[in-house]
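# Geometric and topological summary
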Amino acid sequence: MKEKILKALKENPDKFLSGEMLSKELGITRAAIWKHINSLKAEGYEIDSVSKKGYKLIDVPDLLTKDEILPRLNTKYIGKTYVYHSKIDSTNKKAKELATDGFDEGTIVISEEQSLGRGRLGRVWYSPRGKGIWVSIILKPNIPTMMAPRITLIGAAAVHSTLEEFGIKSEIKWPNDIILNNKKVCGILTEMSGEMDKLNYIVMGIGINVNTEENELENELSKIATSLKIEYGKEVCRKQLLCSLLKHFEDFYDDFKEYGTLENVINICKKNSILIGKEVKIIYYGKEVAAKVIDIEDDGELIVKYDDGTVGKVLSGEVSVRGLYGYV
Ligand code: BT5
């Protein structure tokens, strides 16, 4: 019901809608209308209420609530089940619980803020309130467990394509970072549950720094991290960005499920790779090996040439790659 009232207010931006008219149209009492209006106000909607005139929407909050996102989302199934939190420990943690409880493929968990946002290998992901997109997507593809890490590249290509749509040229640091001007603007955390031959689910967590200010990044983080606002000097609409991200993700993911191919995704990752041709350190669980990145294979593995001349493959999820010089 609340959504219907909001819809009516949004469709009449310059008009007062009377409580009586809304109550007739929606078949509920005026007291009920008033209650829903108060609940919208509590969510951050600025609504003018004038006696004998009614209600007028003045401003909508910059929130990624279901009411704000679903009407503009043009995906088939990604995000249609929409689990919204104002604050949570980690959207990935929540999504894993929901996936275990049987929530469908395409369910997303989103939060304005994470108190324990997670990176890979137990690292922390800084997720300040209302400044970014902190989202996790539940996926249940019918693929062998060993193929699951490849899905990370679908996320990377989707973020890259989304930023491109916003006129922002980013680079991809295989397998899970998106880079702007040599700093990290987005990280992806793919987690899964399954046995050798049976995948139960994948949760893909994507964190994008959108409107984070420079002075909000703590000392160490400001050396390696950036946001769209820091790079481009103006606020970016998180709602549009999220809808575009989910749509790009669904398109690439559908191709993968239907045709088993990652061709488009790999092409994007290759064309915009910040690593190909670079000398890097590959960190195998604490042990560092120097190598030069040669290419990305059709199946998503990184091909590297070690200092002794041998060529090897690196599976995503197995290593961290740090540039020898600076962050990338
Ligand atoms: C990642 O790990 O880059 C994966 C980040 C995934 C975050 C999303 S947000 C929604 C979902 N829910 C979660 O709980 N997580 C996912 P990794 O490659 O391990 O990088 C982590 C490192 O990035 C940290 O050790 C910091 O150095 C740096 N870092 C932390 N917060 C950052 C931020 N906001 N922006 C850029 N870099 C950050």
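Keep in mind that what you see is a predicted model, and the values were worked out from it rather than measured.

This brings us to the UniProt feature "domain: BPL/LPL catalytic" (unreviewed entry) in the chain. UniProt feature "domain: BPL/LPL catalytic" (unreviewed entry): in the numbering of this structure it lies at residues 67–257. Taken end to end, residues 67–257 has its terminal C-alpha atoms 30 Å apart, with 31% of it in helix and 25% in strand.

Here the focus is the pairing of strand 4 (residues 108–111). Burial of the side chains of strand 4 extends over both faces: Ile108 and Ile110 are buried on one face and Val109 and Ser111 on the other. Looking at chain direction, strand 3 (residues 82–85) and strand 4 are connected through four bridges and run parallel. Note on strand 4: the bridge partner recorded for tyrosine 84 is isoleucine 110. Across four bridges, the pairing between strand 4 and strand 5 (residues 132–139) is antiparallel. Bridged to serine 111 within strand 5 is tryptophan 134.

A separate point is the site of the ligand. Taken together, 28 residues surround the ligand, and among them Ser90, Arg118, Arg123, Lys184 and Asn209 come closest. Here glutamine 114 contributes a side-chain N or O atom positioned 2.9 Å from a nitrogen atom of the ligand. Coverage of the ligand by the protein amounts to 93% of the 790 Å² it exposes when considered alone. For the shell around the ligand, the secondary structure elements donating two or more residues are helix 5 (91–100), strand 5, strand 8 (183–195), strand 9 (198–209) and helix 7 (219–224).

Turning our eyes to something else, we now look at the packing of helix 6 (residues 151–165) against helix 10 (residues 263–271). Look at helix 6 against helix 10: their axes get within 9 Å of each other, and the N-to-C directions meet at 65°. In terms of orientation, helix 6 and helix 10 fall into the roughly perpendicular class. Considering how the two elements wind past one another, helix 6 and helix 10 form a crossing that is left-handed. Taken together, the residues of helix 10 that come into contact with helix 6 (itself represented by Leu153, Ile154, Ala157, His160 and Ser161) are Val265, Ile266, Ile268 and Cys269. Considered class by class, the residues forming the contact of helix 6 with helix 10 number seven nonpolar, two polar and no charged.

This part takes up the domain arrangement of the chain. When cut into domains, the chain gives domain 1 (1–59), domain 2 (66–272) and domain 3 (278–323). With centres defined by C-alpha atoms, the gap from domain 1 to domain 2 works out at 34 Å.

The next thing to look at is helix 3 (residues 30–43). Across its 14 residues, helix 3 extends 20 Å between first and last C-alpha, which sits within 8% of the 20 Å expected from 1.5 Å per residue. Of the residues making up helix 3, those classed as buried are Ile33, Ile37 and Leu40. Taken down its axis, helix 3 places every buried residue within 60° of arc, on the same side. The exposed set on the far side of helix 3, more than 90 degrees from its buried face, consists of Ala31, Trp34, Lys35 and Ala42. At its buried positions, helix 3 is contacted by helix 1 (2–11), helix 2 (19–26), strand 1 (46–50) and strand 2 (54–59). Following helix 3 by one or two positions, glycine 44 adopts a phi angle in the positive range, close to 115°.

How each quantity is defined
- Residues numbered from 1 in each chain as written.
- Predicted model: local features only at pLDDT ≥ 70, side-chain atom pairs only at ≥ 80, totals over all residues.
- Heavy atoms only, no water.
- UniProt positions renumbered as here; feature names shortened; annotations may be inferred.
- Helix = DSSP H or I, 4+ residues; strand = E, 2+ residues; numbered from the N terminus.
- Buried < 20%, exposed > 50% of the residue type's maximum accessible area, 1.4 Å probe, protein only.
- Pairing = 2+ DSSP bridges.
- Near = heavy atom within 4 Å.
- Polar contact = N/O pair within 3.5 Å; in protein donor to acceptor, adjacent residues only side chain to side chain.
- Areas by Shrake-Rupley, 256 points an atom, 1.4 Å probe, with all protein chains shown as cover.
- Axes fitted to C-alpha atoms, helices over the stretch in contact; angles between N-to-C directions.
- Parallel < 35°, antiparallel > 145°, perpendicular 65-115°, else oblique.
- Left-handed = near helix turned anticlockwise from the far one by under 90°.
- Contact = heavy atoms within 4.5 Å.
- Nonpolar A, V, L, I, M, F, W, Y, C, P; charged D, E, K, R; others polar.
- Domains from an automatic or database assignment.
- Expected span 1.5 Å × (residues − 1).
- Arc of directions from axis to C-beta.

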